[in-house]
Amino acid sequence: METKQTPDTLSIRPPILYFGTPVVLITTRNEDGTANITPMSSAWALADRVVIGLTGGGQGLANLLREGECVLNLASESMHKAVERLAPTSGSNPVPTWKCKAGYRHEADKFSLGGLHARPSLKVAAPRIAECPLQLEARMTHHVLRPLEAWRDDAGGFAIIELEVLHVHAHADIVVPGTQHIDPVHYAPLFYLFRHYVGRGTAFGKTFKAQV
Ligand SMILES: Cc1cc2nc3c(=O)[nH]c(=O)nc-3n(C[C@H](O)[C@H](O)[C@H](O)COP(=O)(O)O)c2cc1C
């Protein structure tokens, strides 16, 4: 009898499980009214909700928990250098000890550092990032802090946050003309794959539910 050949597997314990999700630049408002940018990628969407995961000790998380709103700015492939300029920084001051040891430094003006431009939002106080092809204004609906003890000290911990998207801004050149649809031919998101930046790659076609 013929058996199908499939690859052998190894049992491994990878240090991270970043299996490839889009890079999101979260903009939030600091207590003094200035804006912060948090690069992140632990995010997924369903209907009008986006669920994100943020490590404790970050400025973006503190801002989001205090103000309950943010903008999720989706980075494009062409923004990978700007994202990496922001990568070793935090809006937190002081930067938590465990992050300092990992090579992070404080940065108050991430828009200038990344060469990015702020645009006012319609429904939230935090600004949008003009360079990002998709900008989702959102408000927090639920959050879970875990593990709570680790969250309270320098060791990290993390938060899982559910956001309701209130308003979507899209660059005109990624919208199918005359429709409400994003054009996957022109939209080229940046992905974070096991701590490497990758692009969209080859298009293989669409699902039976695609409308355009
Ligand atoms: C591409 C990329 C993806 C990241 N993904 C996440 C993530 O999903 N969750 C998270 O907590 N931190 C993530 N980080 C790390 C944060 O950006 C980092 O903790 C940063 O200092 C947070 O900035 P803030 O303290 O100003 O909010 C990511 C960083 C990069 C460059």
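Please read all numbers here as calculations on a predicted model, not as lab measurements. (Residues numbered from 1 in each chain as written. Predicted model: local features only at pLDDT ≥ 70, side-chain atom pairs only at ≥ 80, totals over all residues. Heavy atoms only, no water.)

Describing the sheet that holds strand E5 (residues 49–55)
Right, on to step 1. The strand order E3-E2-E6-E11-E12-E5-E4 describes an open sheet built from seven strands, whose pairing is antiparallel. Each having just a single partner strand, strand E3 (35–40) and strand E4 (43–46) make up the two edges of the open sheet. On average, each strand axis in the sheet is inclined to that of its neighbour by 30°, with strand direction left out of account.
Right, on to step 2. Both strand E2 (residues 24–29) and E3 contribute to a ladder of six bridges, which runs antiparallel. Bridge pairing in E3 places Val 24 opposite Met 40.
Right, on to step 3. Running at roughly 55° to E2, helix H1 (residues 59–67) makes contact with E2, E3, E5, strand E6 (69–74), strand E11 (134–146) and strand E12 (158–170) of the sheet. (Pairing = 2+ DSSP bridges. Helix = DSSP H or I, 4+ residues; strand = E, 2+ residues; numbered from the N terminus. Axes fitted to C-alpha atoms, helices over the stretch in contact; angles between N-to-C directions. Contact = heavy atoms within 4.5 Å.)

Focus: the packing of aromatic side chains
Right, on to step 1. Within the structure shown, the criterion is met by two aromatic pairs.
Right, on to step 2. Arranged with centres 5.8 Å apart and planes meeting at 35°, the rings of Tyr 18 and Tyr 192 form a pair that is tilted. Taken together, the positions of Tyr 18 in the segment before strand E1 (19–22) and Tyr 192 in strand E13 (residues 191–193) put the pair 174 residues apart, joining distant regions of the chain.
Right, on to step 3. An aromatic cluster of three or more residues is present, and its members are Tyr 18, Tyr 192 and Tyr 197.
Right, on to step 4. Looking at Lys 99, its charged tip hangs above the ring of Tyr 104, at a distance of 4.7 Å from the centre. (Phe/Tyr/Trp six-rings, centres within 6.5 Å; stacked < 30°, edge-to-face > 60°. Lys NZ or Arg CZ within 6 Å of the ring centre and 35° of its normal.)

A closer look at the site of the ligand
Right, on to step 1. Neighbouring residues of the ligand: 21 residues in total, closest Thr 38, Pro 39, Thr 55, Ser 90 and Lys 110.
Right, on to step 2. For the shell around the ligand, the secondary-structure elements that each account for two or more residues are E3, E5, H1 and strand E7 (89–90).
Right, on to step 3. For the shell around the ligand, the leading source of residues is E3, giving four residues.
Right, on to step 4. Tallied by class, residues from the shell around the ligand come to seven nonpolar, 12 polar and two charged. (Near = heavy atom within 4 Å. Nonpolar A, V, L, I, M, F, W, Y, C, P; charged D, E, K, R; others polar.)

Focus on H1
Right, on to step 1. Of the positions making up H1, those classed as buried are Gln 59, Gly 60, Leu 61, Asn 63 and Leu 64.
Right, on to step 2. Downstream of H1 by a residue or two, Gly 68 has a phi angle that is positive, lying close to 70°. (Buried < 20%, exposed > 50% of the residue type's maximum accessible area, 1.4 Å probe, protein only.)

Section: a nonpolar patch on the surface
Right, on to step 1. Together, Leu 17, Phe 19, Leu 193 and Phe 194 line one region of the surface with nonpolar side chains, adding up to about 440 Å² of accessible area.
Right, on to step 2. By secondary structure assignment, the location of Phe 19 is in strand E1. (Patch = residues over 30% accessible without salt bridge, like charges linked within 9 Å, V, L, I, M, F, W, Y side chains within 5 Å. Areas by Shrake-Rupley, 256 points an atom, 1.4 Å probe, with all protein chains shown as cover. Salt bridge = Lys/Arg side-chain N within 4 Å of Asp/Glu carboxyl O.)

Considerations on the pairing of E5
Note on strand geometry: in a regular strand, side chains alternate between the two faces of the sheet.
Right, on to step 1. Bridging between E4 and E5 involves four bridges; their strand directions are antiparallel. Paired with Ala 43 across the two strands is Ile 52, which belongs to E5.
Right, on to step 2. Linking E4 to E5, which pair antiparallel, is a turn of two residues; within it Ala 47 sits at a positive phi near 55°.
Right, on to step 3. With seven bridges connecting them, E5 and E12 associate as antiparallel partners. Bridged to Val 50 within E12 is Leu 163.

A short note on the sheet that holds strand E14 (residues 196–198)
Right, on to step 1. If you walk across this open sheet you meet the three strands as E1-E13-E14, and the pairing is antiparallel. Whereas interior strands pair on both sides, the edge strands pair on one side only; in this sheet they are E1 and E14. Across the sheet, the axes of successive neighbouring strands diverge by a mean angle of 30°, strand direction being ignored.
Right, on to step 2. Note that E1 and E13 share three bridges and pair antiparallel.

Quick look at the nonpolar core
Right, on to step 1. Grouped together as the largest cluster of nonpolar side chains are 22 residues, with contacts concentrated most on Ile 26, Ile 52, Leu 54, Leu 64, Leu 72, Ile 161 and Leu 163.
Right, on to step 2. For this core, the elements supplying multiple residues, two or more each, are E2, E5, H1, E6, E11 and E12.
Right, on to step 3. If you look at the next biggest cluster of nonpolar residues, it comprises 15 residues, including Leu 25, Ala 75, Leu 86 and Cys 132. (Core = buried A, V, L, I, M, F, W, Y, C linked by side-chain atoms within 4.5 Å.)

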